[in-house]
Amino acid sequence: MTEEDKYALKEFLRGVGVFVGISLILITILMVLAYSTSGGEPLNSSVEVVDKYKECDIVRYAPHQVAEYKYFLYCEKNK
């Protein structure tokens, strides 16, 4: 391998390293922004107490803005 080939390889690897580094930084910034704007909560979700069962609340959770509901019991004394 000639000195010119070594120099070209070194420049190529340096360029790849810069590209990967900038890409990782941008992805990290986008993930932090997406998490901070959602406040740590899933986007477009709704939680609503719909009834009571014994001493527990029946909670309806809609993870998306569609007619898909999940129900669960929330008991304050079982925390």
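Going by the structure above, here's the rest.
Scope of this entry: the structure provided in the associated data block. Being a predicted model, the structure only gives us computed values, none of them experimental.

**A word on the overall build of the protein chain**
Here is step 1 of the chain: Across its full length, the protein chain carries one helix and three strands.
Here is step 2 of the chain: In sequence order, the secondary structure elements of the protein chain are arranged as α-β-β-β.
Here is step 3 of the chain: Buried residues in the protein chain amount to 9% of all 79 residues.
Here is step 4 of the chain: Only carbon and sulfur atoms are counted for the fraction: they give 64% of the accessible area of the protein chain, which is about 7,100 Å².

**Observations regarding the packing of aromatic side chains**
Here is step 1 of the chain: A complete count under the given rule lists zero aromatic pairs for this structure.
Here is step 2 of the chain: Stacked on the ring of Y69, the Lys or Arg R60 has its end atom at 4.5 Å from the ring centre.

**Brief notes about the state of the cysteines**
Here is step 1 of the chain: Counted under the stated rule, the structure contains one disulfide.
Here is step 2 of the chain: In this model, C56 is linked to C75 through a disulfide, with the two sulfur atoms separated by 1.7 Å. Taking the sign of the torsion about the S-S bond as the criterion, the disulfide between C56 and C75, at about 100°, is right-handed. With a gap of 19 residues between them, C56 in strand β2 (residues 56-62) and C75 in the segment after β3 (70-74) connect regions that are remote in the sequence. Like C56, the residue C75 is buried in the burial classification.

**Quick notes on the pattern of salt bridges**
Here is step 1 of the chain: Using the criterion set out here, one finds five salt bridges in the structure.
Here is step 2 of the chain: With a shortest N-O distance of 3.2 Å, E11 and R14 are connected by a salt bridge. On the criterion of helical spacing, the pair formed by E11 and R14 is a turn pair, its members being three residues apart in helix α1 (residues 3-38).
Here is step 3 of the chain: On the basis of relative accessibility, which here comes to 33%, the residue E11 falls in the partly exposed class.
Here is step 4 of the chain: Across the salt bridge formed by R60 and E48, the nearest N and O atoms sit 2.9 Å from each other. With R60 in strand β2 and E48 in strand β1 (residues 46-53), this residue pair connects regions lying 12 residues apart in the sequence.

About the cut-offs
Every chain's residues receive numbers from 1 upward, in the order its sequence appears when written. Owing to the predicted nature of the model, reporting of local features is limited to residues with pLDDT of at least 70; listing and counting of side-chain atom pairs is limited to 80 or more, with chain, interface and lining totals taken over all residues. To obtain the side-chain values, all non-hydrogen atoms of the structure were included, while hydrogens and water were left out. Helix and strand assignments come from DSSP, with helices taken as H or I runs of at least 4 residues and strands as E runs of at least 2, each series counted from the N terminus. Using a 1.4 Å probe on the protein chains alone, a residue whose accessible area is under 20% of its type maximum counts as buried, one over 50% counts as exposed, and one in between counts as partly exposed. Each accessible area is a Shrake-Rupley estimate made with a 1.4 Å probe; only the visible protein chains count as cover when residues are assessed. Pairing of aromatic side chains requires ring centres within 6.5 Å, counting the rings of Phe and Tyr and the six-membered ring of Trp. Pairs whose planes differ by under 30 degrees are stacked, by over 60 edge-to-face, and all others tilted. By definition here, charges over rings are those cases where NZ of Lys or CZ of Arg is within 6 Å of the ring centre and within 35 degrees of the ring normal. In what follows, a disulfide is any cysteine sulfur pair within 2.5 Å. A pairing counts as a salt bridge when a side-chain nitrogen of Lys or Arg comes within 4 Å of a carboxyl oxygen of Asp or Glu.

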